Amino acid sequence: MKAFYSVDFDEFVENLKQIENDKDAKSVLILMTDDESFTPKLVDPILQSFSKSIVGGVFSEIIVRCAIKSSGVLLLPLPFDLKSQVFSFDDEPNYQSKFESNYSANLPESGSIIIFTDAFVNGKNQFVESLYDFFGNEFNFIGGGSGTSSFKSSKSVVHNSGMHANSAVIGLTEECFSIGIAHGWNPITKPMKATEVEFNEVKSINWEPAFDVYKQEVEEHSGLVFDQSNFSEIAKSYPIGLIKIDGETVIRDPFQVKDKTIHFLDLIDNGQYFSIMHGDVQSLLAGANEAKEKCLSTFDVADNGYLFCIDCSSRVKFLDEIFVEELKEISGNQTLYGALTFGEIANVGDSFLEIYNKTVIVAKWK
């Protein structure tokens, strides 16, 4: 089924009309960039007039045929129905009742759920937990945090009702996606404990000021020295890996330090054990290949469809010009579409639904 990449508003409208008239297209995935040609004022009436289900988000960059695009809109028509719904994070106490009213009737025994959330609000963590509590591990999930490099909440969640801030959108299908998750980061320290945490701000590690501990370990490993201006430049190579019950590590991305408190992109629990991680070009490319191989392990690799990728925007910063090699590693001989997100959301099989950082997720559907 043909994908459409629109570089201006009129082209976007025309391409959406083609999908509307295509009887084989049952729903559509819309991945937008933060492009002034596609403002909510212009786009909302078009979305509201579209009859098929829409799930999507706005991102700083998207992946179109194995290339990064910082402008335009990608339309991926889907050959299966999506039962879509948008949720405001202001409705936190009512998530379960909304899930029940929208999804309990004729809920399939298994399937997949596409999810995009406003990345820069606290409510996303509670929403993701509630989502997993309701649907469980009979469903595979894939998606990520929408938003732009402003690191502020914006109307970045896309649904038939329009573009929304402080919200999430999900689309449920009976189609079982094949999903692979990997990151390519390796531990350089023994496990340590986050002993004082406020949401995504780690104030102490092993009962000592967080930055003092982090600084000592990273400087010893890297041979570099932190000063007042280079935290982000060094820290991009040294995320932390949260140690989970099943032995897997979930990556958390540090982005700034204030008063010896380290700020991470996503939630860290108080008392969480973790290791400081490190990676290089080769290990990250190997991680991307691992995600692809996990995805394709349940599919015929000769299938003529495309691969769908949720990749982390900070991996682009880390790999820089070499990031194109990561996309080639993922795509192989297939077409690749996707989004660069602020937090990647997925699970596979019996694993818990997680919000990841600096991680690659690859999916395929028939």
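Up top you'll find the structure we're talking about.
Note that the coordinates shown come from a computational prediction; the quantities given were computed from them, not determined experimentally.

1. Notes on the overall build of the protein chain
On a plain count of helices and strands, the protein chain comes out with nine helices and 27 strands. Seen through its C-alpha atoms, the protein chain measures out along the principal axes to roughly 60 × 45 × 40 Å. Total accessible area computed for the protein chain in this model is approximately 15500 Å², and 46% of it derives from carbon and sulfur atoms. Between the averaged position of the 30 positive side-chain charges in the protein chain and that of its 54 negative side-chain charges there is a distance of 3 Å.

2. Focus on the nonpolar core
Ranked by size, the top nonpolar core spans 55 residues in total, and within it L29, L31, I114, F116, I142, Y214 and W365 carry the most contacts. At five residues, helix α5 (residues 210-222) tops the list of elements feeding residues into this core. Dropping the residues within four chain positions of it, L31 is found in contact with G57, F59, I62, G72, V73, L74, F116, F308, G338 and A339. Counting residues in each nonpolar core, the second largest holds 23 residues, with C295, L307, I330 and L340 among its members.

3. Examining the pattern of salt bridges
Applying the stated rule across the entire model yields 13 salt bridges. Its salt-bridge partner being E293, residue K292 comes within 3.8 Å of it at the nearest N-O pair. Classification of E293 by relative accessible area gives partly exposed; the value is 43%. Residue K328 pairs with E325 through a salt bridge whose shortest N-O separation is 3.8 Å. On the criterion of helical spacing, the pair formed by K328 and E325 is a turn pair, its members being three residues apart in helix α9 (residues 323-331). For K328, a relative accessible area of 47% corresponds to the partly exposed category.

4. Describing the sheet that holds strand β27 (residues 360-364)
Through backbone hydrogen bonds, the strands of a sheet pair up, either in parallel or in antiparallel fashion. Read from one edge of the open sheet, six strands run β5-β4-β24-β23-β27-β13, paired in mixed fashion. Each edge of the open sheet carries a strand with a single partner, namely β5 (67-69) and β13 (178-182). On average, each strand axis in the sheet is inclined to that of its neighbour by 20°, with strand direction left out of account. Sheet strands touched by α9: β4 (61-64), β5, β23 (307-312), β24 (336-341) and β27. Its angle to β23, the strand with the most contacts, is close to 145°.

5. Quick look at the sheet that holds strand β12 (residues 167-173)
Taken in spatial order, the six strands make up an open sheet running β7-β12-β8-β9-β25-β26, and their pairing is mixed. Two strands bound the open sheet, and with one partner strand each, they are β7 (83-88) and β26 (354-356). If you compare each strand with its neighbour and ignore which way they point, the axes differ by 20° on average. Contacting β7, β8 (111-118), β9 (139-146), β12, β25 (344-347) and β26, helix α4 (residues 123-135) runs over the sheet at an angle of about 165° to β8.

6. Notes on the packing of aromatic side chains
Under the defined criterion, the tally for this structure stands at 30 aromatic pairs. Between the aromatic rings of F89 and F127, the centroid separation amounts to 5.8 Å while the plane-to-plane angle is 50°, which identifies the pairing as tilted. Of this pair, F89 sits in the loop between β7 and α3 (95-103) while F127 sits in helix α4, and the two are 38 residues apart along the sequence. Of the two residues, F89 and F127, neither departs from the other in class, the shared state being buried.

7. A short note on unusual backbone geometry
A positive phi is found at F151, a non-glycine position, where the angle reads about 60°. Given the relative accessible area of 35%, F151 is considered partly exposed. The backbone of D320 shows a phi angle near 55°, a positive value even though the residue is not glycine. Its place among the elements puts D320 in the loop between α8 (313-319) and α9. Given the relative accessible area of 54%, D320 is considered exposed.

8. Considerations on the state of the cysteines
Considering all chains together, one arrives at zero disulfides under this definition. Sulfur of C176: no disulfide; nearest cysteine sulfur belongs to C295 and is 13 Å away. Judged by its relative accessible area of 44%, C176 is partly exposed. Cysteine C312 is unpaired, with the sulfur of C309 as its nearest cysteine sulfur at 11 Å.

9. Observations regarding the pairing of β13
Counting buried residues along β13, five of its five residues qualify, which places the element largely inside the surrounding structure. Of the two faces of β13, the one lined by S178, G180 and A182 and the one lined by I179 and I181 are each fully buried. Bridge analysis of β13 against β27 gives five bridges, and the strand direction is antiparallel. Its bridge partner being in β27, G180 is matched across the sheet by V362.

10. Some remarks on the environment of I240
Along the chain, I240 falls in strand β18 (residues 240-243). Expressed as a C-alpha distance, the spacing of I240 and M277, which sit 37 residues apart in the sequence, is 5.2 Å.

11. A short note on the packing of helix α1 (residues 9-21) against helix α2 (residues 40-48)
Their axes nearest at 11 Å, the elements α1 and α2 cross at an angle of 10°. Judged on the interaxial angle alone, α2 and α1 are roughly parallel. Taking contact as the criterion, the partners of F9, F12, V13 and L16 in α1 are, on α2, L42, V43 and I46. Split into classes, the residues belonging to the contact of α1 with α2 amount to seven nonpolar, no polar and no charged.

Cut-offs and rules
Residues numbered from 1 in each chain as written. Predicted model: local features only at pLDDT ≥ 70, side-chain atom pairs only at ≥ 80, totals over all residues. Heavy atoms only, no water. Helix = DSSP H or I, 4+ residues; strand = E, 2+ residues; numbered from the N terminus. Areas by Shrake-Rupley, 256 points an atom, 1.4 Å probe, with all protein chains shown as cover. Lys, Arg positive; Asp, Glu negative; His and termini not counted. Charge placed at Lys NZ, Arg CZ, Asp CG, Glu CD. Core = buried A, V, L, I, M, F, W, Y, C linked by side-chain atoms within 4.5 Å. Buried < 20%, exposed > 50% of the residue type's maximum accessible area, 1.4 Å probe, protein only. Contact = heavy atoms within 4.5 Å. Salt bridge = Lys/Arg side-chain N within 4 Å of Asp/Glu carboxyl O. Pairing = 2+ DSSP bridges. Axes fitted to C-alpha atoms, helices over the stretch in contact; angles between N-to-C directions. Phe/Tyr/Trp six-rings, centres within 6.5 Å; stacked < 30°, edge-to-face > 60°. Disulfide = S-S within 2.5 Å. Parallel < 35°, antiparallel > 145°, perpendicular 65-115°, else oblique. Nonpolar A, V, L, I, M, F, W, Y, C, P; charged D, E, K, R; others polar.

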